[in-house]
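Residue-level structure breakdown
This is what each chain is made of:
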Amino acid sequence: MKVRELAVPGAYEFVPDVHRDRRGAFVAHYTETAFSEAVGHQLRLGQVHHSFSRRGVIRGVHYEDVPPGQAKLVTCPAGELLDVVVDLRVGSPTFGHWDSTRLNPDTCRAVYLEEGLGHAFIALRDDTVAAYVTSVEYDPAAEHEIDALDPALALPWPTGMEYVVSPRDRDAPTLAEARRAGALPSYDACLALHAYRQGAAR
């Protein structure tokens, strides 16, 4: 398992070994040892779910209140997606920065993002499946969104395709609007939560 931290601190790309033979392939997206060494604690399991998307669908940018926050491990077992992590933590040295990686069943990469980071993706093929393991169960009252097409963020969506966005995501505030409204997570609150997680893991 190869691991690298993305340009947004607290987000990691995991590249597992893919074992292929004439039957097909086998891959482990998560191993406790590799994950704990990179992140500092084990993966908490609150919910497992997946979405199906046609080409051009953009989901996000979504984030959750901190606390409790919601960490995510995202994979793509079918199709292909461009996965984007955005630093929404007010006070962070990389506030407003983003990084991206392509996820598909050929490379079997996974992306992990800590609590307080924003997440979005675009489906690059029809019938794309995004699979999530999240640290807590979905709470609609605690989840929020930022406009994924906010020009100030300039997320790396490919040109030349029709974007398909839900009404909720289409009407989401810009990053600046959410910050003025006091709706974004605090960097200090996120650091305190992560320190608690790492302390509990010892």
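In what follows, the structure referred to is the one given above.
So, here's what we can say about the structure. Since we're looking at a predicted model, the values are computed, not measured. (Residues numbered from 1 in each chain as written. Predicted model: local features only at pLDDT ≥ 70, side-chain atom pairs only at ≥ 80, totals over all residues. Heavy atoms only, no water.)

1. Some words on the packing of aromatic side chains
Enumeration over the complete set of coordinates arrives at three aromatic pairs. Ring geometry for Phe 14 and Phe 35: centres 5.7 Å apart, planes at 20°, overall stacked. On the criterion of sequence distance, the pair formed by Phe 14 in strand β2 (residues 11-15) and Phe 35 in helix α1 (residues 32-39) is long-range, its members being 21 residues apart. Both residues of the pair, Phe 14 and Phe 35, belong to the buried class. Here the aromatic cluster, defined as three or more aromatic residues joined through ring pairs, consists of Phe 14, Tyr 30, Phe 35 and Tyr 112. Stacked on the ring of Phe 95, the Lys or Arg Arg 179 has its end atom at 4.7 Å from the ring centre. (Phe/Tyr/Trp six-rings, centres within 6.5 Å; stacked < 30°, edge-to-face > 60°. Helix = DSSP H or I, 4+ residues; strand = E, 2+ residues; numbered from the N terminus. Buried < 20%, exposed > 50% of the residue type's maximum accessible area, 1.4 Å probe, protein only. Lys NZ or Arg CZ within 6 Å of the ring centre and 35° of its normal.)

2. Points about α1
Among all positions in α1, only Ala 34, Phe 35 and Val 39 are buried. Buried residues of α1, viewed axially, fall in a sector of 105°; they line one side. Opposite the buried face of α1, by more than 90 degrees, sit the exposed residues Thr 33 and Glu 37. Immediately beyond the C-terminal end of α1, within one or two residues, lies Gly 40, with a positive phi of roughly 100°. (Arc of directions from axis to C-beta.)

3. Details of the environment of Gln 70
Examined against the element boundaries, Gln 70 turns out to sit in the loop between β6 (58-64) and β7 (72-78). Exposure remark for Gln 70: the relative accessible area of 6% places this residue in the buried category. Each C-alpha atom of the pair Gln 70 and Ala 172 lies 19 Å from the other, and the pair is 102 residues apart in sequence. Those residues within four positions of Gln 70 in sequence are excluded, and the remaining contacts are Glu 64, Glu 115, Thr 134, Ser 135, Val 136, Glu 137 and Tyr 138. Here the side chain of Gln 70 touches Val 136 through a polar contact of 3.1 Å, landing on its backbone oxygen. (Contact = heavy atoms within 4.5 Å. Polar contact = N/O pair within 3.5 Å; in protein donor to acceptor, adjacent residues only side chain to side chain.)

4. Re the sheet that holds strand β12 (residues 128-134)
Strand order in this open sheet of six strands is β1-β2-β10-β7-β12-β5, and the pairing throughout is antiparallel. In the strand order of this sheet, the two ends are held by β1 (2-5) and β5 (47-53), each with one partner. Averaged over all adjacent pairs, the angle separating strand axes in this sheet is 20°, with direction ignored. Here four bridges tie β1 to β2, and the two strands are oriented antiparallel to one another. By the bridge assignment for β2, Val 3 is matched with Phe 14. In the packing of α1 onto the sheet, the strands contacted are β1, β2 and β10 (110-113), and the crossing angle to β2 comes to about 150°. (Pairing = 2+ DSSP bridges. Axes fitted to C-alpha atoms, helices over the stretch in contact; angles between N-to-C directions.)

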